[in-house]
Amino acid sequence: MDPQSQTTSLQRLENVEKRIVRVLELAGGVMEEMANPNGPRKDLVNSHCSEFMQSVKDIQMTLREEIKSACEYRPFEKCDYVPRISNEICCKKLEYVIVQLDEMKQTIEGYGDLA
């Protein structure tokens with residue numbers, strides 16, 4: 001996920017937050033209308049309920065997309081740490097083997113000088 005898509009993802013999540021606030025306002029408006037002493041205005045309740053349902057569907061869809069996008073995000077996918085550290089370990093092992101071989105060579109040469 002590049003910085004540009006991360007920014008747009010954050011913007012989409014911020015818009016979801018705003019829509020959730022709007023959904024809560026709609027629910028509160030319906031509750032107020034239901035508590036109206038003169039009885040609820042059906043057209044207003046229907047309008048609020050329709051907008052509420054559509055907003056909830058939109059929110060769910062956006063969140064699903066964001067979750068899917070987040071699951072596809074692999075920040076360490078291009079990381080070369082493991083190969084680099086493996087390479088470094090191999091180099092250290094080779095250095096150790098070279099030192100051991102040099103010591104063996106000196107030991108062999110020492111025996112050759114005695115004979």
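For the protein, an unreviewed UniProt entry supplies the name Mediator of RNA polymerase II transcription subunit 11 and the organism Erythranthe guttata. For the record of the protein, the UniProt heading Sequence similarities (unreviewed entry) holds the text "Belongs to the Mediator complex subunit 11 family."

Chemist: In this structure, what is going on with the overall build of the protein? I would like to understand it.
Modeler: Scanning the protein from terminus to terminus reveals 3 helices and 0 strands. N-terminal to C-terminal, the α/β element order of the protein is α-α-α. At a minimum sequence separation of 6, the contacts of the protein that also span at least 24 residues come to 63%. Summed over its atoms, the accessible surface of the protein is roughly 9,800 Å², and 60% of this surface lies on carbon and sulfur atoms.

Chemist: Would you mind going over a nonpolar patch on the surface with me for this structure?
Modeler: Nonpolar side chains collect at one region of the surface, where Leu 10, Leu 13, Leu 63 and Ile 67 lie side by side and expose about 350 Å² of accessible area between them. Those elements that provide at least two residues to the nonpolar patch are helix 1 (3-34) and helix 2 (42-72). Secondary-structure assignment places Ile 67 in helix 2. What makes Ile 67 exposed here is its relative accessible area of 54%.

Chemist: What should I look at first to understand the pattern of salt bridges in this one?
Modeler: Think of it this way: side chains of opposite charge can pair up when their charged atoms draw near. Summed over all chains, the structure comprises 6 salt bridges. A salt bridge links Glu 14 to Lys 18; the nearest nitrogen and oxygen atoms lie 3.7 Å apart. Residue Glu 14 and its partner Lys 18 are both found in helix 1; the two are separated by 4 residues, about one turn of the helix. Here the salt bridges share partners, and the residues they tie into one network are Arg 22, Glu 25 and Glu 51.

Chemist: Which parts of the structure should I look at to understand the environment of Glu 66?
Modeler: Structurally, Glu 66 is set in helix 2. Through-space distance from the C-alpha of Glu 66 to that of Arg 12 is 8.3 Å; in sequence the pair is 54 residues apart. With sequence-adjacent residues up to four places away left out, Glu 66 is seen in contact with Ser 9, Arg 12 and Leu 13.

Chemist: Hey, could you run me through the side chain of Ser 9 in this one?
Modeler: Mapping Ser 9 onto the fold places it in helix 1. Within polar-contact distance, the side chain of Ser 9 engages the side chain of Glu 66 at 2.5 Å.

Chemist: Quick question: what am I supposed to make of helix 2 here?
Modeler: Note on helix geometry: an α-helix contains 3.6 residues per turn, so any two residues three or four positions apart are oriented the same way. Between its first and last C-alpha atoms helix 2 spans 45 Å; for 31 residues at 1.5 Å apiece the expected length is 45 Å, and the two agree. Looking at helix 2, one finds that the buried residues are Val 45, His 48, Ser 55, Ile 59, Thr 62 and Glu 66.

Basis of the calculations
Residues numbered from 1 in each chain as written. Predicted model: local features only at pLDDT ≥ 70, side-chain atom pairs only at ≥ 80, totals over all residues. Heavy atoms only, no water. UniProt positions renumbered as here; feature names shortened; annotations may be inferred. Helix = DSSP H or I, 4+ residues; strand = E, 2+ residues; numbered from the N terminus. Contact = heavy atoms within 4.5 Å. Areas by Shrake-Rupley, 256 points an atom, 1.4 Å probe, with all protein chains shown as cover. Patch = residues over 30% accessible without salt bridge, like charges linked within 9 Å, V, L, I, M, F, W, Y side chains within 5 Å. Salt bridge = Lys/Arg side-chain N within 4 Å of Asp/Glu carboxyl O. Buried < 20%, exposed > 50% of the residue type's maximum accessible area, 1.4 Å probe, protein only. Polar contact = N/O pair within 3.5 Å; in protein donor to acceptor, adjacent residues only side chain to side chain. Expected span 1.5 Å × (residues − 1).

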